[in-house]
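Read off the chains here:
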Amino acid sequence: MRQMLAKLGVAVCVAVTALSGTADFASAQGVDIYVNPGRHRPPPPDYDRPPPRFDRRGCDPRQAVDVARSYGLRRARVVDVTPRRVIVDGFGRRGPDTMMFANVRGCPLLGR
C-alpha cells in the first residue's frame, strides 16, 4: 500500500510540473500595456551613432613609469614599446629589475 501511494505521489508531482511549465508560456501571449497616449517614442538623436572612442588606446609610457614607481622601482625608464607590451627598467631592492606591462588601457602588470 505504501509503495502504491509513493508511486502515485511521484506521478502527481511529475504531472503538476509538466502542466505548470506549459501554462506559463500559453498565458503570456498577447499582453500589451501602454502608459502614455502614444504607442512609441522616437529614439534619442544619437541612437544610431557608435559610442565615442578614446584617442589613447594603449598604455601610455608615462603611466607605465608611474605604475612601476608605485611598485617600488627606482629610476624607472621605458626601454621598449611593442604592440603588446611596454617594458620598463629600473632598480629594485635587490638591484636592476625589469617590469612588463600590457599595452592596453590601464597598464596591467604582466610580469617582473
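Residues numbered from 1 in each chain as written. Predicted model: local features only at pLDDT ≥ 70, side-chain atom pairs only at ≥ 80, totals over all residues. Heavy atoms only, no water.

K.L.:
Any chance you could break down the sheet that holds strand E1 (residues 74-81) for me, citing the residues and the numbers?
P.N.:
In spatial order, the strands read E1-E2-E3-E4; together these 4 strands make up an open sheet with antiparallel pairing. Across the chains shown, the open sheet's two edge strands, defined by having one partner strand only, are E1 and strand E4 (109-111). Averaged over all pairs of adjacent strands, the angle between strand axes in this sheet comes to 35°, irrespective of strand direction. The pairing of strand E3 (residues 95-102) with E4 spans 2 bridges and is classified as antiparallel. Within the sheet, the bridge partner assigned to Phe 101 lies in E4 and is Leu 109. Lying over the sheet, helix H2 (residues 61-70) contacts E1, strand E2 (85-92) and E3, oriented at roughly 140° with respect to E1. (Pairing = 2+ DSSP bridges. Helix = DSSP H or I, 4+ residues; strand = E, 2+ residues; numbered from the N terminus. Axes fitted to C-alpha atoms, helices over the stretch in contact; angles between N-to-C directions. Contact = heavy atoms within 4.5 Å.)

K.L.:
Outline the nonpolar core, supporting the account with residue identities and numerical values.
P.N.:
Counting 12 residues, the largest nonpolar core is built from Cys 59, Ala 64, Val 65, Val 67, Ala 68, Leu 73, Ala 76, Val 86, Val 88, Met 99, Phe 101 and Cys 107. Of all elements in the fold, only H2, E2 and E3 reach the threshold of two or more residues within this core. When residues in this core are grouped by element, the largest group, 4 residues, is from H2. With near-sequence residues (within four places) excluded, Phe 101 lies in contact with Ala 64, Val 67, Ala 68, Arg 84, Arg 85, Val 86, Val 88, Cys 107, Pro 108, Leu 109 and Leu 110. (Core = buried A, V, L, I, M, F, W, Y, C linked by side-chain atoms within 4.5 Å. Buried < 20%, exposed > 50% of the residue type's maximum accessible area, 1.4 Å probe, protein only.)

K.L.:
Just give me the short version of a nonpolar patch on the surface, but keep the residues and values in it.
P.N.:
Together, Met 1, Met 4, Leu 5, Leu 8, Val 12 and Val 16 make up an exposed nonpolar region whose accessible area comes to about 660 Å². Looking at where Met 1 falls in the secondary structure, it is placed in the segment before helix H1 (2-27). (Patch = residues over 30% accessible without salt bridge, like charges linked within 9 Å, V, L, I, M, F, W, Y side chains within 5 Å. Areas by Shrake-Rupley, 256 points an atom, 1.4 Å probe, with all protein chains shown as cover. Salt bridge = Lys/Arg side-chain N within 4 Å of Asp/Glu carboxyl O.)

K.L.:
Just give me the short version of unusual backbone geometry, but keep the residues and values in it.
P.N.:
The phi torsion at Arg 75 lies on the positive side, around 50°, for a residue other than glycine. Judged by relative accessible area, Arg 75 falls into the exposed class, the value being 66%. With a phi angle near 50°, Cys 107 is a residue other than glycine that sits in the positive phi range. Structurally, Cys 107 is set in the loop between E3 and E4.

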